[in-house]
Every structure is written in C-alpha cells, then in structure tokens.
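Spelled out, the chains give:
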Amino acid sequence: MITETTQTTLRPLLADDAATVAEIFRDAVLNGTTAHYTEAEREAWAGPKPDPERWRDRVGSSVGLMAERDGTPVGLMTLVAPSHIDLAFVRPSAAGQGIGAELLAALTQIARASGARELTADASKAARPFFERHGFTWLRQKTVIRRGVELITNEMRKPL
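Residues numbered from 1 in each chain as written. Predicted model: local features only at pLDDT ≥ 70, side-chain atom pairs only at ≥ 80, totals over all residues. Heavy atoms only, no water.

Caption draft 1: A look at the side chain of Glu 41. With respect to the helices and strands, the residue Glu 41 is situated in helix α2 (residues 39-46). Of the side chains with opposite charge, Lys 125 lies nearest to the buried Glu 41, which makes no salt bridge, at 4.8 Å. (Helix = DSSP H or I, 4+ residues; strand = E, 2+ residues; numbered from the N terminus. Buried < 20%, exposed > 50% of the residue type's maximum accessible area, 1.4 Å probe, protein only. Lys, Arg positive; Asp, Glu negative; His and termini not counted. Salt bridge = Lys/Arg side-chain N within 4 Å of Asp/Glu carboxyl O.)

Caption draft 2: Broad picture of α2. Along α2, the residues classified as buried are Glu 41, Arg 42, Ala 44, Trp 45 and Ala 46. Elements that come into contact with the buried residues of α2 comprise α1 (18-32), β4 (84-90), β5 (118-124), β6 (137-146) and β7 (149-159). Within two residues after α2, Gly 47 carries a phi angle of roughly 90°, on the positive side. (Contact = heavy atoms within 4.5 Å.)

Caption draft 3: Broad picture of the packing of α1 against helix α3 (residues 52-60). Look at α1 against α3: their axes get within 8 Å of each other, and the N-to-C directions meet at 105°. If you check the angle between α1 and α3, you find them roughly perpendicular. Counted together, Ala 18, Ala 19, Val 21, Ala 22 and Phe 25 of α1 and Pro 52, Arg 54, Trp 55, Arg 56 and Val 59 of α3 form the full contact between these two elements. Residues of the contact of α1 with α3, tallied by class, amount to eight nonpolar, no polar and two charged. (Axes fitted to C-alpha atoms, helices over the stretch in contact; angles between N-to-C directions. Parallel < 35°, antiparallel > 145°, perpendicular 65-115°, else oblique. Nonpolar A, V, L, I, M, F, W, Y, C, P; charged D, E, K, R; others polar.)

Caption draft 4: Spatial organisation of the pattern of salt bridges. Per the stated rule, a full pass over the model turns up eleven salt bridges. The salt bridge partner of Asp 17 is Arg 11, with a shortest N-O separation of 2.9 Å. Classification of Asp 17 as buried rests on a relative accessible area of 10%. One salt bridge in this structure joins Arg 56 and Asp 16, with 3.2 Å as the shortest N-O distance. Pair noted here: Arg 56 is in helix α3 and Asp 16 is in the loop between β1 (8-12) and α1, with a separation of 40 residues, a long-range link. Arg 56 sits in the partly exposed class, given a relative accessible area of 29%. Overall, Asp 16 belongs to the exposed group, its relative accessible area being 65%. Sharing partners across several salt bridges, the network here consists of Arg 11, Asp 17 and Glu 68.

Note that all results are geometric; they support no functional claim without further evidence.
What follows is the structure, given as structure tokens:
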C-alpha cells in the first residue's frame, strides 16, 4: 500500500497576500468556531464581507508566515514585534493536521532570535485549547466589541 503524505510549506506572509488572509480569516471565523460562538457573534467578528485592504496594513506591520499544502494557502500566523501572536488562523478543512503547530514553532524561533522572553496571544474560545497544548497559560478572560457585539477572548502567555 502506498501512502501519500501532504507536505506543509511555510513561507513569509506578504502584504500582497491580503486577499488570501481575508479569505482564510473569514472561513476560520465563520466555519471553524461554530462550537464556541453564536452565528451573530461569528458574523460580527468576520464582518459583512472579506476586505483585503483592511488586512494589507496589518499583515505588513508584522512578521508572518503562510502555510501551504500542495501550493494552496491553508493557514497563517503573525507575530507583532517582539512577542505577540496577533493572527492565528487555519482553514477548517485543514484543522487538526498540525499546521497551527508548525506555524507556532517557526514563529517561536523567530521571536527567540529577536530576543523575546515570552509570547503572548489573545486567543478566541476556539483557539484557547490549541495555545494551552503548546505551553501557553491562561491569564484572564477579556471582552472585545466587534460591530456592537461582545466577544469573549482569552489573554494567554508562554515564557520562552
């Protein structure tokens, strides 16, 4: 029996990836967090439609990586200097395949090389277990407002 393995490739995230970032974000929020947020919460978080221009500056002001499988973008993660994980999203169709772990490991190395002594993240309810599995400690629950809707997030930290 021949078993095919799919290789994940990590590459730098570029401002020109803004449209792809918007698509992955929207897919992850609307379809990947259904067990944790109501439809109204997910729609408020994602916004009415993908807005690549909104992402161009955000992506450009961070160090980020795009994960690709067979040339198709499936996830991304960004680090805002020196130590804050800002964006961390994987398409639901690729969730549970180690993509987030690969992205986090690579950004952890970058943070360490930059002199960071810890990593922080504001994790969604859906992402909190992922970060806990990777050594982050829950610090406190936070509430953010998106389009007039309250969303619960979790402030987390990991010493390096």
